[in-house]
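# Inside the fold
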Amino acid sequence: MLIWLKEEMAPQEFTRRLATVITHVDEIMQQEIRPLVAVDIIEQLHRQFAILSGGQGKDGAPIITFPEFVGFKHIPDEDFLNVMTYLTSVPSMEAASIGFVIVIDRRRDKWSSIKASLTRIAVAFPGNLQLILILRPSRFIQRTFTDIGIKYYRDEFKMKVPIVMLNSVSDLHDYIDKSQLTADLGGTLEYRHNQWINHRTAVENFALALKTTAQMLQTFGACLATTELPRGIPSTEDLLMSHMRRWNKLQGELKLLGKQGATLLSCMQEPATKSPTSKLSLNEVENVATMERLLVQLDETQKAFSQFWSEHHLKFNQYLQLQHFEHSFCEVKLALDNLLAEQAEFSDIGDSVMHVEQLLKEHKKLEGEGQESLEKAQLLAVIGDQLIQSHHYAVDSIRPRCAELRHLCDDFINENKKKHDILEKSLELHRRLDKVSQWCEAGVYLLASQAVDKYQSREGIDIALNDIETFLGTAKEYQLPSSKDFYNQYELMLTLDIKTKAQKVLQKLSDVQEIFHKRQMSLMKLAARQTRPVQPVAPHPESSPKWASPKISQPSTLVPHQKTSEEPYTETDLNSEEKEDDETKSEVKNEEILESSHDADNPEPEQPDGSKNLSHSRHIIRDLVETEVTYIKEIKNIIDGYIIPMDFIWLKHLIPDVLRNNKEFLFGNIRELYEFHSRTFLKELEKCTENPELLARCFLKRKEDLQIYFKYHKNLPRARAIWQECQDCTYFGVCQRQLGHSLPLFKCLREPSQRLIKYQMLLKGLLDFESPEDLEMDPSDLEGGSAKNGPKRTKDSTFLADLQQALAMMEDLIKSCELAMDLAAVTGCPDDIGKFGKLLMHGSFNVWTVHKDRYKMKDLIRFKPSQRQIYLFEREIMFCKIQLEPSDQGLSPHYSFKKSMKLMTLSIRQLGRGSNRKFEIANQNGLEKYILQAASKEIRDCWFSEISKLLMKQQNNIKDVYEDEDNGRQISPKPLGTFPVGRQLRDLHVWSGEGRKHPGREKGLSKEGHVSGTRKEK
């Protein structure tokens, strides 16, 4: 592909213009007539046996003078011919066509010299002759010989022009004016031979340089015309830079040539510019005219080259812009295609409120991820429009790509809006369905909780009717629609599952309304007849909490039934709707039929008796799945029993403002935990029951998802504070009794912490069972097929490596959760605390600060130590001030950040005798030192050992880095050691249900007084 095909100024036109310049230069310098230049015959010209003074005859014929020259006859014929050829080519073609006038000065010479001059002129003079004037010798004898010789030899000279013999200079003046003759011939014409030679040489050199430059430009243009453009952007940029360098060089030569020509012209015109009365000689005028004509050709060369280069550079830049545009177009189009493909896969509309909210978050995330690609595509389309407006040569290629980009962007935006509207509609649908379900549930339990004994009086009947009318009045608040309205609003997005769920909810609504109608009719009949009321039958409650009106006490028979851990976990929103629907229908049946139907629908599953035959690994995984089901049910009970009832109107008066305003902080992201475990993690764990080797990969695959526990534990100290303030409120008591829980809420909120410990213990137990030390098996076991019940165990097993990674990942997660809880009690922490590394140890110390100028051990007795809580990280040590603040349980410690120091800048040493609980850390400059006193010698030794190991590791890492830098390679520092995890999560029980604190545990101390987080001996 050649770039020049569409240029306005083709290379052929550029070459033609330069060829014209070269031709004009040759014409100006008469190169066709005179192939010689002054430099070639500079020595012969300096001999001055013939000169072109610039004088002219009466008719304008140029005059060539042969001054007196001794040894003229000895001049080689070739030199004479070259000088004559050069001198006759200097005048213009017009002047040369008139003919030359030759003046031969032989006044001091002999006849032989005159004869030799005429002979050479007759033989070798290249121009047209008009007249020959000879100043004969002044001596009498030589004059006589001359007169006789002219008569006898005139015919031999074969001259067709007159030869005039002159006796004196005055006779010469009769033929030629004095102003046209030099001073040696009695004239007034100024002529300096050396200056003439210099000017002629400079003019000719300038003309030659101009011609050479024009030829170089021709070659450059031809090279550009035949250059094939590369396809890659870097190659195109390199080629453009190469052309730019050559252009700069040629442009510089043209500018330099222009400066030289201007300087030379000014030098030639200098005599006339200095004095207004002085005039240029004819030679100087001729040279000035020649230079002016050459400068015109130079200007034409510069114009042609500038125009050609500007068009070439423009097209080249346009080609590079097109390459960048097409490259960006391919990248953006690929990103948009991937976005559209991902968007096409995003087809789920959710089956519950939480599911739809999660889908909306994912949809928003997809929209955010696509925003960058959309901005790039829109920006690229704008760039394409700018290229089109700048008359780019590839408009036909750019315009459809811009249209395609805008089309893709519009498709993504429109589809995104469409899916967002569908999800919003789905969310609205599920919220309305949930509100209907809650209303129906509350209505059923309102009817079930109405005491029968109060129907014996008219006042009790009126109260019951009033409760029913009040409850039915809340239907408008819950926006209860009709079945027809439901289908009209959501018909286009109703999937089979959602349609079934909606039908059941609407049927349930109809049943509840029918029940209320029947109850109202019955109560009105009782009021009219004043007969003994019929005792209503309460429905059998399910595992999820059911709420009654706050006006009526809840019967004890409504304690929810707790399923055992052996029951299969099938709790979904749709199933719960089925149970509630069965519940509603049972209201119109008797209690015996309800119980029998409940027993028939929920048979107790038989446990297989083959669990003994399962391998140990399968048994562990089965235990993991069973406890996972129980864990999910416990979280679900918290959501249904504590969080959802906060929105019930009849319970709002039981909720204090502090709790209502901080509900999100009390429960944290527990809904997110429930969604993850019930919808994702449980299903993956169940797959591991038959394939235990998938367990470790399951944990590793969900490494990022499990970070929700870090968020949960980060909020846990704040939740504890809210619980301590609100734990005595009536609402929590009502919820706890309704659920039938023996433990208070905050005990339940610690279940996620215990779950992480459970994961760690199960992975550790499975790893211990699969470890290489336990791999000695009886060959008969392998032959008998016992290996079928578990993964194949070899020392090189990928399963074992995955287990180790999963255990390490879980330990890191537990440790990060501990760090989040530990630092939650510290105020004023720096924002970059994450750069400190992992938290290894923390504890309380007495601290003395000693400066170098007053560092004396005896002074320590005079100073009272400061109580400091110290946190040891991998890369820094942090000091916090301990403040005891009053609370409901007495004084509780709070910590405020004081300072932190990098470990690599510290040194450590033990103190002498009598200080077995103290050690010293100091800055390496020694200006400030800190003496730390631990609670016991064991704690001191533990801290001293740990800090020493960290300092040693960092020194080794720095040494390795320097060594590798000397070898020309940089490596990252080696990771520090691993440490035991899980202590703090296990110690969460220091807070009892009533908010009491176990002494010693909050500071991370074990029963023996050791600091938590210290390294255990393996």
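Residues numbered from 1 in each chain as written. Predicted model: local features only at pLDDT ≥ 70, side-chain atom pairs only at ≥ 80, totals over all residues. Heavy atoms only, no water.

### So, unusual backbone geometry
Where we set the bar: A run of H or I in DSSP counts as a helix once it spans at least four residues, and a run of E counts as a strand once it spans at least two, with each numbered from the N terminus.
Non-glycine residue Gln48 carries a positive phi angle of around 60 degrees. Within the element layout of this structure, Gln48 appears in the loop between α2 (42-47) and β1 (63-66).

### Let's talk about the environment of Thr474
Relative to the assigned elements, Thr474 resides in the loop between α14 (458-473) and α15 (483-490). C-alpha of Thr474 to C-alpha of Trp439: the two residues are 35 residues apart in sequence and 8.5 Å apart in space.

### A few points about the side chain of Gln44
Let me state the cut-off plainly: For the exposure calls, accessible area comes from a 1.4 Å probe over protein chains only, and a residue counts as buried if that area is under 20% of its type's maximum, exposed if over 50%, partly exposed in between. Throughout this description, a polar contact denotes any pair of N or O atoms lying within 3.5 Å of each other; where both atoms belong to protein, one of them has to be capable of donating a hydrogen while the other can accept it, and for residues adjacent in sequence the pair is counted only when both atoms sit in side chains.
Relative to the elements of secondary structure, Gln44 occurs in helix α2. Gln44 gets classed as buried once you look at its relative accessible area, which sits at 14%. Reaching out from Gln44, the side chain makes a polar contact with the side chain of Asp79 at a distance of 3.0 Å.

### Regarding the pattern of salt bridges
Filter applied, for reference: Should a side-chain nitrogen of Lys or Arg be within 4 Å of a carboxyl oxygen of Asp or Glu, the pair is scored as a salt bridge.
One pass over the full model with this rule turns up 37 salt bridges. A salt bridge links Glu514 to Lys518; the nearest nitrogen and oxygen atoms lie 3.3 Å apart. Of the two residues, Glu514 and Lys518 both sit in helix α16 (residues 496-529), 4 residues apart, roughly one turn of that helix. The class for Glu514 is partly exposed, based on a relative accessible area of 38%.

### What about the environment of Ser352?
Summarising the element assignment, Ser352 is placed in the loop between α11 (282-345) and α12 (353-389). With a relative accessible area of 4%, Ser352 lands in the buried category. A polar atom in the side chain of Ser352 sits 3.2 Å from the backbone nitrogen of His355.

### Here's the deal with a nonpolar patch on the surface
Short version of the rule: To count toward a patch, a residue needs a relative accessible area over 30% and no salt bridge; like charges are then connected within 9 Å, while nonpolar side chains (Val, Leu, Ile, Met, Phe, Trp, Tyr) are connected within 5 Å. The Shrake-Rupley method, run with a 1.4 Å probe sphere, supplies the accessible areas, and residue values consider only the shown protein chains as cover.
Together, Phe140, Ile141 and Phe145 make up an exposed nonpolar region whose accessible area comes to about 380 Å². Its location among the elements puts Phe145 in helix α6 (residues 140-157). Take Phe145: its relative accessible area is 44%, and that puts it in the partly exposed class.

### Here we look at the packing of helix α8 (residues 193-226) against helix α9 (residues 233-268)
When two helices pack together, you describe them by how their axes are tilted relative to each other and by the distance separating the axes. Worth spelling out the cut-off: Every axis in this analysis is a line fitted to C-alpha atoms, fitted for helices over the stretch in contact. Angles between the N-to-C directions lie between 0 and 180 degrees. Here roughly perpendicular refers to angles of 65 to 115 degrees, roughly parallel to angles under 35, roughly antiparallel to angles over 145, and oblique to all remaining angles. Should the near helix be turned counterclockwise from the far one by less than a right angle, the crossing is left-handed, whereas a clockwise turn marks it as right-handed. Any two residues having at least one pair of non-hydrogen atoms within 4.5 Å are treated as being in contact.
Close contact between α8 and α9 brings their axes to 11 Å; oriented N to C, the two are set at 160 degrees. One finds that α8 runs roughly antiparallel with respect to α9. Both α8 and α9 take part in a crossing whose hand is left-handed. Within the contact between the two elements, α8 uses His199, Ala202, Val203, Phe206, Ala209, Leu210, Thr213, Met216, Leu217, Phe220, Cys223 and Leu224 and α9 uses His243, Arg246, Trp247, Leu250, Glu253, Leu254, Leu257, Gly261, Leu264 and Met268.

### Notes on the nonpolar core
Here is the rule we go by: Working definition of a nonpolar core: buried Ala, Val, Leu, Ile, Met, Phe, Trp, Tyr and Cys residues. They are joined through side-chain atoms within 4.5 Å.
The biggest cluster of nonpolar side chains holds 70 residues, and the ones touching the most others in it are Leu666, Phe667, Phe699, Tyr731 and Phe732. Ranked by the residues each element gives to this core, the list is headed by helix α19 (residues 616-643), at 12 residues. Look past the residues within four positions of Leu666 in its chain and what remains in contact with it is Leu659, Ala719, Ile722, Trp723, Phe732, Leu745 and Leu749.

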